[in-house]
Amino acid sequence: MRHLMSPLDFSVEELDRLLDLAGDIERNQKKYARACEGKKLAACFYEPSTRTRLSFEAAMLNLGGSVLGFSSADSSSASKGESISDTIRVISCYADICAIRHPKEGAALVAAQKSAIPVINAGDGGHQHPTQTLTDLLTIRSLKGRLGGLTIGLCGDLKFGRTVHSLINALIRYENVRFVLISPEELRLPDYIREDVLVANGVPFEEMERLEDAIGELDVLYMTRVQRERFFNEEDYIRLKDYYILTREKMLLAPSDMLVLHPLPRVNEISVEVDDDPRASYFKQAQYGVYVRMALILTLLDAAKEDSDNA
Amino acid sequence: MLNISGISEGFVLDHIQAGMSLQIYYDLKLDKLDCQVAIIKNARSNKMGKKDIIKVECPVEALDLDILGFIDHDITVNVIQGDRIVEKKALMLPKQVRNVIRCKNPRCVTSVEQELDQIFFLTDEEREVYRCKYCEEKYVSPGKRRRK
């Protein structure tokens, strides 16, 4: 059974095919309007998420399928103490594909190990968020025309920011990608990404603290939110939450073709005045998120059908 | 000089870092075996200054070499048959350890999901780094940490 736990589950060739399919969906939406007729997506969200959940739901509805699920642990059997393994075995009886978000790291993998239907990791704590990565890749490829030969600035919470970890893992497979890591000391990239991914693969990167020092050399600036739910200590959160704010003044230092991306929701880290800047691409990114999730649902359901045909 | 008699059938774990024998005794679950076990602490050693030794009078198959390799791959395993050393087993870092160590990351799914095995994969042989299968939390092998 094919699942999606991390962006690395797809080879570069498979990823290219997926992004091509997403591009075709963008251009020919009617062609796919009944592609998943009769199929059901279970959206199992153990922690609050508006964008990712609605994006999955929109994707399945756009494909002519249906959606069921829950949007918090309180409204699921987890509140009665049911294990993830048991929940997914039951959900496998109700749906054809499952998207799961859970605050615990590795939860989606636990589900995939016991599932009879494809499982998509829709975010597991501070660990991985592969569909956001697919969204980011599709956005960059669509707006920049390529995924290689880029200098990518990652700014904000690089420690708990799972979108950043997943994006790095995916982008290092392309030629001549360079990273500028912009964060306060306390929120630097964890060593399992810095050492085992960047250093181990000889990927050039630089760590900086001031956004102004880095912005002039970037092709893409990827802003992140400092997430309250990742902190055990409220004082640390308050001290760090407004560390970076992208303003119109800072955008004056940026190249004219630099993209500003953000996984959303934003709080204060991008000033609203930047929204009108043509380089601000975070709302387009949300739209690409629906196309890429449509492509992913189609791809995984096709793979599951192949498995069942060959069984 | 303290004399401990030899064993005719079984195995001897030699070159254990001094002070580690009791932990290894429990990690290998030797306390569960119904056979003679001798633990020698602080034995004199030309190579190590002092060392611990464990002698166990039972077939070597009872020994989990993976766990031992994980704890310290510098330990020597001598297999004894008919009062003689018939084999010296080389220890290696296992590719995977299951239910030997627990993930310390409070955000890891292993902290909440019942009946889930604690599995760590060897991700960097040179630095002896293991990572949790679920959350990728780092764990340096006990032998490497002691040698630091």
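Residues numbered from 1 in each chain as written. Chains lettered and ligands numbered in written order. Predicted model: local features only at pLDDT ≥ 70, side-chain atom pairs only at ≥ 80, totals over all residues.

(A) Region of interest: the environment of V110(A). Within the secondary structure, V110(A) sits in helix α4 (residues 107-114). Assessed through the 26 C-beta atoms surrounding it within 10 Å, V110(A) is described here as buried. For the pair V110(A) and N268(A), spaced 158 residues apart in sequence, the C-alpha separation works out to 35 Å. Apart from the residues lying within four places of it in its own chain, the contact partners of V110(A) are I84(A), S85(A), V109(B), E113(B), L116(B) and Y134(B). (Helix = DSSP H or I, 4+ residues; strand = E, 2+ residues; numbered from the N terminus. Buried ≥ 20, exposed ≤ 12 C-beta atoms within 10 Å, placed from the backbone. Contact = placed C-beta atoms within 7 Å.)

(B) Structural context of the interface of chain A and chain B. At the junction of the two partners, chain A supplies 15 residues and chain B supplies 15 residues. Taken together, the elements giving at least two residues each to the side of chain A that touches chain B come down to α3 (84-94), α4 and α7 (191-199) of chain A. Considering only residue class, the side of chain A that touches chain B consists of five nonpolar, six polar and four charged. (Nonpolar A, V, L, I, M, F, W, Y, C, P; charged D, E, K, R; others polar.)

(C) The confidence of the model for chain A, seen in detail. The predicted model of chain A averages 93 in pLDDT, with 98% of residues at 70 or higher. The element-level mean pLDDT for chain A is lowest in helix α9 (residues 234-240) of chain A, coming to 78, with strand β9 (residues 259-261) of chain A highest at 98. (pLDDT = per-residue confidence, 0-100.)

(D) Just the domain arrangement of chain B, in detail. All names here are of chain B. Split by domain assignment, chain B resolves into domain 1 (9-89) and domain 2 (96-147). On a C-alpha basis, the centroid separation for the pair domain 1 and domain 2 is 24 Å. Taken together, the contacts link eight residues of domain 1 with six residues of domain 2. If one sorts the elements of the side of domain 1 that touches domain 2 by residue count, helix α2 (residues 65-71) sits on top with four residues. Residue composition of the side of domain 1 that touches domain 2, grouped by class: three nonpolar, two polar and three charged. (Domains from an automatic or database assignment.)

(E) Structural view of the sheet that holds strand β8 (residues 129-132) of chain B. All names here are of chain B. Pairing is antiparallel across the open sheet formed by four strands, whose spatial order is β6-β7-β8-β9. Strand pairing shows two members of the sheet lacking a second neighbour, β6 (96-98) and β9 (138-140), which therefore form its edges. Taking each pair of neighbouring strands and ignoring which way they run, the sheet shows an average axis angle of 30 degrees. In this structure, β6 lies alongside strand β7 (residues 119-124), joined through three bridges in antiparallel fashion. The partner of Q96 across the bridge, within β7, is F121. (Pairing = 2+ DSSP bridges. Axes fitted to C-alpha atoms, helices over the stretch in contact; angles between N-to-C directions.)

(F) Main features of the domain arrangement of chain A. All names here are of chain A. Partitioning chain A into domains gives domain 1 (7-128 + 289-310) and domain 2 (131-280). Using only C-alpha atoms to locate each centre, domain 1 and domain 2 end up separated by 26 Å. Taken together, the 19 residues of domain 1 in the interface contact 18 residues of domain 2. Breaking the side of domain 1 that touches domain 2 down by element, the ones donating at least two residues are α1 (12-27), β4 (119-124) and α11 (282-310). Of the residues in the side of domain 1 that touches domain 2, the class split is eleven nonpolar, six polar and two charged.

(G) Representation of the nonpolar core within the structure. Residues and elements named next belong to chain A. Residues C98, L221 and I297 are the most contacted members of the largest nonpolar core, which totals 112 residues. Ranked by the residues each element gives to this core, the list is headed by α11, at eleven residues. Residues contacting I297, with those up to four places away along its chain left out, are C36, L41, A59, M60, L63 and I97. (Core = buried A, V, L, I, M, F, W, Y, C linked by C-beta atoms within 7 Å.)

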